[in-house]
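If you want the building blocks of each chain, they are given just below.
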Amino acid sequence: MANMVGQVLESHKITFHKDELPPEGLSHNRALHVIVQFEDKFIARVLIDKGSSMDICPLTTPKRLGKALHEIRMGSINVKAFDGSHRATIREINLDIQMGPTWFDIEFQVLDISATYNLLLGRIWIHAAGAVASTLH
């Protein structure tokens with residue numbers, strides 16, 4: 001998977017080899033998850049979501065990365081969640097993450113939520129990276 005991200009940034013497109021696809025092939029509807037690097041740690045389950053208007057970080061992620069609460073800036077933005085509920089972000093944090101050969105300084109809105117992802121990269125990151133999300137995802 002990490003190699004795939006390198007290919008994305010070098011060729012400006014994602015291509016899937018037949019053996020990387022799930023058993024249902026191109027008709028799958030699974031989310032696109034990648035692995036990124038932060039300092040000397042790898043972060044799995046990074047969701048790329050072209051429908052999200054911001055980059056989201058569950059509070060558990062910076063804690064696992066060894067970030068103390070004082071390293072996370074105060075912030076409060078109202079966010080509409082996937083289920084339609086409204087929540088306020090509690091903090092903001094910038095993380096330098098590497099995808100393939102490229103490093104990105106990304107400002108994440110931190111939410112105290114239970115999530116199936118460790119980071120969510122939305123349209124802000126997609127536009128900054130000059131990427132176009134696949135219509136399959």
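Here the structure is shown first, and the text comes after it.
Quantities reported herein were computed from a predicted structural model and do not represent experimental measurements. (Residues numbered from 1 in each chain as written. Predicted model: local features only at pLDDT ≥ 70, side-chain atom pairs only at ≥ 80, totals over all residues. Heavy atoms only, no water.)

S.K.: Just to check I follow, could you spell out unusual backbone geometry for this structure?
M.R.: Where the residue is not glycine, phi is negative for most of them; where a peptide bond is considered, it is trans in most cases. Despite not being glycine, E39 shows a phi value in the positive range, around 50°. Mapped onto the elements, E39 comes out in the loop between β1 (32-38) and β2 (41-48). Although it is not a glycine, R45 sits at a positive phi angle of roughly 55°. Structurally, R45 can be placed in strand β2. (Helix = DSSP H or I, 4+ residues; strand = E, 2+ residues; numbered from the N terminus.)

S.K.: Help me understand the pairing of β2, please; the structure alone is not making it clear to me.
M.R.: Within a regular strand, the side chains alternate between the two sheet faces. Of the pairings in the sheet, the one linking β1 to β2 comprises six bridges and is antiparallel in character. Across the sheet, the residue bridging to V34 is V46, located in β2. Inspection of the sheet shows β2 paired to strand β9 (residues 119-121) by three bridges, in the parallel sense. When the sheet's bridge partners are listed, L47 is paired in β9 with L120. (Pairing = 2+ DSSP bridges.)

S.K.: What is the right way to look at the environment of R45 in this model?
M.R.: With a relative accessible area of 43%, R45 lands in the partly exposed category. Along the chain, R45 and V34 lie eleven residues apart, while their C-alpha atoms are 6.1 Å from each other. Apart from the residues within four sequence positions on either side, R45 is in contact with H33, V34, T116, Y117, N118 and L119. Polar contacts involving the side chain of R45 include one to the main-chain carbonyl oxygen of T116, which spans 3.0 Å. (Buried < 20%, exposed > 50% of the residue type's maximum accessible area, 1.4 Å probe, protein only. Contact = heavy atoms within 4.5 Å. Polar contact = N/O pair within 3.5 Å; in protein donor to acceptor, adjacent residues only side chain to side chain.)

S.K.: Just checking my understanding: could you explain the pattern of salt bridges for this structure?
M.R.: Charged atoms that come close allow side chains of opposite charge to pair. Within this structure, the stated rule accounts for three salt bridges. Ionic pairing is found between K41 and D40, a salt bridge with its closest N-O pair at 3.9 Å. Looking at D40, the relative accessible area reads 62%, which means it is exposed. When the shortest N-O distance is used, the salt bridge between E107 and R73 registers 3.1 Å. (Salt bridge = Lys/Arg side-chain N within 4 Å of Asp/Glu carboxyl O.)

S.K.: So what exactly am I meant to see when it comes to the pairing of strand β8 (residues 102-111) here?
M.R.: As defined by bridge partners, strand β3 (residues 56-58) adjoins β8 across three bridges and the pair is classed as parallel. Note on β8: the bridge partner recorded for C57 is V110. Two strands pair when backbone bridges link them, and strand β7 (residues 91-99) and β8 are joined in this way by nine bridges, in the antiparallel orientation. Across the sheet, Q98 pairs through a bridge with W103, a residue of β8. The turn joining β7 and β8, which pair antiparallel and follow one another in sequence, is formed by two residues; a positive phi near 60° is taken by G100.

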